[in-house]
Amino acid sequence: MKTRIMLSFVILWSLALTATSAEPIHIRFSHVVSEQTPKGNAANRFKQLVEQKLAGKVTVEVFPRATLYDDDPVLLALARNDVQLAAPSLSKFSTITKSLEFYDLPFLFDDLAAVERFQNSATGQRQLDSLGDKGIKGLAYWRNGMRVISADRPLRAPTDARGLLFRIEPSEVIEEQYRQLGATTIRLPFAHVRDALGRGLVKGQENSWANIYSQNFDRWQPYITETNHSFQGYMVITGSAFWNGLPADIRRELEAILAQVTDEMNGVLAERIGEYRQGVIDRGKAQVITLTDQERNAWRQALAPVGEKFKSQIDPVVLAAIREANAGGK
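All values derive from a computational prediction rather than experimental measurement.

Enquirer: So what exactly am I meant to see when it comes to the side chain of Ser30 here?
Expert: Along the chain, Ser30 turns up in strand 1 (residues 25-30). Assessed through its relative accessible area of 2%, Ser30 is described here as buried. For Ser30, the contacting residues outside a window of four places in its chain are Phe63, Leu68, Tyr69, Val74, Val83, Leu85, Ala86 and Ala87.

If you want it as structure tokens, here you go:
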């Protein structure tokens, strides 16, 4: 009798262990933008492919629009393994490292194609590992476009921004940029920008066309100046402990899926930027100010001191790679 009871216990315990080991890995992916943006589309595409190719092994839950975390607290959430994937703006990392600040420098990159060439270079790819000492692993770059500036009055010359209050990301570089223009700044999470604009608490902001369109910023910002002065993009990140703890075959498959999603998203970005821009124009709430070469040079000259102040803090190897990327399209 005792033997039969012991045997039954062993069988039940083995079944319990099998069921536990068969439970799928659950990935929570937190981001702050709309699902109708490049990043939002890419996160949903990642979920779709993972649950097709790793059915029963991995599930993905996407939390858009900062429904789970803003970009700042998500870094701590990754360390606690409360979320497993995030894609903060590159500007957000300035709170924990200075190694990525160059992305915010005005007019450092000639255009989006130059950014792409740099990020695909060996030097650009090495920057994905720049957060390793923080327990964060960079997995991919997701591009969003060049920044334009919106305001409640037309900004054609740099001096037109004088006296305005701008919402900015938490970046010393961007803060210095507006200081050079004679403007003031306030750092606000992306999720609060629309409310701040609607209540008139801030008078201007800078963003990509995708974010302006998806958040209806043109409802409160009747003027948008196409400065294209700096790059706005994201780094897809995970906690090093989580990623390294995955079974090797699962990790390889996730890396392959992420590479596919990244290629798909970045490959159609230029077309989508045009669609978002045209969508803003079609709504008819904002005037798009296209700068002449002379006007753009005036902005470049006005913001040159920002580059002089921060370039000395940037790895010379990175700067050389950026110069090469800029020259690559000429």
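Enquirer: Help me understand empty space enclosed by the protein, please; the structure alone is not making it clear to me.
Expert: In this approach, a probe sized like a water molecule rolls over the atoms, and the result shows the empty space that is left. Taken as a whole and assessed by the stated rule, the structure comprises 1 cavity of 30 Å³ or more. If you go around the largest cavity, you meet 13 residues; those closest to its centre are Val32, Ser89, Glu169, Phe190 and Gln232. When its residues are assigned to classes, the lining of the largest cavity shows 4 nonpolar, 4 polar and 5 charged.

Enquirer: Honestly, the packing of aromatic side chains in this entry has me stumped. Any pointers?
Expert: Between two aromatic rings, the relevant description is the distance of the centres plus the angle of the planes. Under the defined criterion, the tally for this structure stands at 13 aromatic pairs. Taking the centre distance of 5.9 Å and the plane angle of 40° together, the rings of Tyr213 and Tyr276 count as tilted. On the criterion of sequence distance, the pair formed by Tyr213 in helix 8 (residues 209-214) and Tyr276 in helix 11 (residues 269-283) is long-range, its members being 63 residues apart. Taking relative accessible area as the criterion, Tyr213 reaches 31% and is therefore assigned partly exposed. Among the residues examined, Tyr276 registers a relative accessible area of 8% and is labelled buried. In textbook terms, an aromatic cluster arises when at least three aromatic residues are bridged by ring pairs, as seen for Phe102, Tyr103, Phe109, Phe118, Tyr141 and Phe231. Across the ring face of Tyr234, the terminal group of Lys39 is positioned such that the distance to the ring centre comes to 3.6 Å.

Enquirer: Can you walk me through the pairing of strand 5 (residues 148-151) in this structure?
Expert: The side-chain alternation of strand 5 yields two buried faces, one formed by Val148 and Ser150 and the other by Ile149 and Ala151. Here 4 bridges tie strand 5 to strand 8 (residues 204-207), and the two strands are oriented antiparallel to one another. Paired with Ser150 across the bridge in strand 8 is Gln205. For strand 5 and strand 9 (residues 223-225), the ladder comprises 3 bridges, and the chain directions are antiparallel. Across the sheet, Ser150 pairs through a bridge with Ile224, a residue of strand 9.

Enquirer: Which parts of the structure should I look at to understand a positive patch on the surface?
Expert: On the surface, Arg65, Arg194, Arg219 and Lys285 cluster together into a patch of positive charge. Mapping Arg219 onto the fold places it in the loop between helix 8 and strand 9. Under the relative-accessibility criterion, Arg219 is labelled exposed at 56%.

Enquirer: I'm lost on the nonpolar core in this one. Help?
Expert: Soluble, globular proteins show a tendency: their nonpolar side chains are buried together. Ranked by size, the top nonpolar core spans 99 residues in total, and within it Phe46, Phe102 and Trp142 carry the most contacts. Excluding its chain neighbours within four sequence positions, the residues that come into contact with Phe46 are Phe29, Val60, Leu85, Leu254, Ile257, Leu258 and Val261.

Enquirer: Just checking my understanding: could you explain the environment of Ile212 for this structure?
Expert: Secondary-structure assignment places Ile212 in helix 8. On the accessibility criterion, Ile212 (0% relative accessible area) is buried. In this structure the C-alpha to C-alpha distance between Ile212 and Ile149, which are 63 residues apart in sequence, comes to 9.9 Å. Those residues in contact with Ile212 that sit more than four places away from it in its chain are Val148, Gln205, Asn207, Phe217, Asp218, Ile224, Val280 and Arg283.

Enquirer: Honestly, the pattern of salt bridges in this entry has me stumped. Any pointers?
Expert: Two side chains with opposite charge may pair up if their charged atoms get near one another. Going through the model one piece at a time under the given rule, you end up with 16 salt bridges. With its nearest N and O atoms 3.3 Å apart, the salt bridge here joins Glu172 to Lys98. Of this pair, Glu172 sits in helix 6 (residues 172-180) while Lys98 sits in the loop between strand 3 (85-86) and helix 4 (112-120), and the two are 74 residues apart along the sequence. The exposure class of Glu172 is partly exposed, given its relative accessible area of 41%. Members of the salt-bridge network, linked through shared partners, are Asp104, Arg147, Glu169 and Glu206.

Basis of the calculations
Residues numbered from 1 in each chain as written. Predicted model: local features only at pLDDT ≥ 70, side-chain atom pairs only at ≥ 80, totals over all residues. Heavy atoms only, no water. Helix = DSSP H or I, 4+ residues; strand = E, 2+ residues; numbered from the N terminus. Buried < 20%, exposed > 50% of the residue type's maximum accessible area, 1.4 Å probe, protein only. Contact = heavy atoms within 4.5 Å. 1 Å grid on protein atoms, 1.4 Å probe; cavity = no way out; pocket = protein on both sides within 12 Å on 5 of 7 lines; lining within 4 Å. Points joined across faces, edges and corners; volume = space filled by probe spheres on them. Nonpolar A, V, L, I, M, F, W, Y, C, P; charged D, E, K, R; others polar. Phe/Tyr/Trp six-rings, centres within 6.5 Å; stacked < 30°, edge-to-face > 60°. Lys NZ or Arg CZ within 6 Å of the ring centre and 35° of its normal. Pairing = 2+ DSSP bridges. Patch = residues over 30% accessible without salt bridge, like charges linked within 9 Å, V, L, I, M, F, W, Y side chains within 5 Å. Areas by Shrake-Rupley, 256 points an atom, 1.4 Å probe, with all protein chains shown as cover. Salt bridge = Lys/Arg side-chain N within 4 Å of Asp/Glu carboxyl O. Lys, Arg positive; Asp, Glu negative; His and termini not counted. Charge placed at Lys NZ, Arg CZ, Asp CG, Glu CD. Core = buried A, V, L, I, M, F, W, Y, C linked by side-chain atoms within 4.5 Å.

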